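Topology and contacts: notes
What follows is the residue order along each chain.
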Amino acid sequence: TSVHETRYRVRLEVTAKNETEYGELESRFRFKAEENSDKGTGTVDPETGKGGGHNDTISQAEGPDSAAVVVDKAIISLAGFTLGFDDNYFKRAGHDGWYVGNARFEGPYGDYDALFFEYTYRANGFAVTAGMEDGKQSGEAGAPDPYAGVTYTNGGLYLAAIAYYDTSQEAGAYKGRFDYEFGE
């Protein structure tokens, strides 16, 4: 029996952009193949308890991460509307951080995938977004959570204000962010 562990991760991201009479049509897909001999790719050894893939992105029991190759992200946008499966808006607009209040869970958050539909209006460095998402951290499946955010970008300056309402917990979460990148 070998005592060596093997790990690999391969990602292929495909982006297509086309101009239409309604604006730019963009689609992005990311395919992922991942193996960790300590975790396995979907089967659990009943004696050691090892295996079973990693934390599924749809549920704890089954999901795309239990397969050898999965669609990790899928997004399509046109004329300000975006539909897809990607990181939740808290992550996409506000990056990693800490949840405030009782919404979803208290404490740190990071890469939490969600199915979402949103509209973003952009002008003069401002982006105003409103949408609905059904994420794996939001309690009940099929109970989408509304969110809204405003971001501003100008040179090295980035400002963000984001608000969520968790319909399962009947609680809100909010976040503000300020970044400034000094000259190169």
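Summary of the structure given here. (Residues numbered from 1 in each chain as written. Predicted model: local features only at pLDDT ≥ 70, side-chain atom pairs only at ≥ 80, totals over all residues. Heavy atoms only, no water.)

Evaluated as defined, the whole model comprises six aromatic pairs. With 4.7 Å between their ring centres and 55° between their planes, Phe81 and Tyr119 make a pair best called tilted. Taken together, the positions of Phe81 in strand S4 (residues 81–87) and Tyr119 in strand S7 (residues 113–123) put the pair 38 residues apart, joining distant regions of the chain. Taking relative accessible area as the criterion, Phe81 reaches 42% and is therefore assigned partly exposed. Look at Phe126 and Tyr152: their rings are 4.5 Å apart centre to centre, the planes differ by 45°, and that puts the pair in the tilted class. You can see Phe126 sitting in strand S8 (residues 126–135) and its partner Tyr152 sitting in strand S9 (residues 145–154), a full 26 residues away along the chain. Put simply, the rings of Phe81, Phe117 and Tyr119 touch in pairs and so form one group of aromatic residues. Above the face of the Phe116 ring, Arg92 is positioned so that its terminal group lies 4.1 Å from the ring centre. (Phe/Tyr/Trp six-rings, centres within 6.5 Å; stacked < 30°, edge-to-face > 60°. Helix = DSSP H or I, 4+ residues; strand = E, 2+ residues; numbered from the N terminus. Buried < 20%, exposed > 50% of the residue type's maximum accessible area, 1.4 Å probe, protein only. Lys NZ or Arg CZ within 6 Å of the ring centre and 35° of its normal.)

Under the definition given, this model contains nine salt bridges. Close ionic contact of Arg30 with Asp72 constitutes a salt bridge, the shortest N to O distance being 2.5 Å. Of the two residues, Arg30 sits in strand S2 (residues 23–36) while Asp72 sits in strand S3 (residues 69–78), which places them 42 residues apart along the sequence. Here Arg30 and Asp72 have matching classes, each one buried. The salt bridge involving Asp72 is made with Lys32; its shortest N-O contact spans 3.7 Å. One end of the pair, Asp72, is in strand S3; the other, Lys32, is in strand S2, with 40 residues separating them in the sequence. (Salt bridge = Lys/Arg side-chain N within 4 Å of Asp/Glu carboxyl O.)

Turning to the side chain of Thr82, a few remarks are in order. Relative to the assigned elements, Thr82 resides in strand S4. Once residues lying within four places of it in the same chain are set aside, the contact partners of Thr82 are Ile75, Ile76, Ser77, Phe116, Phe117 and Glu118. (Contact = heavy atoms within 4.5 Å.)

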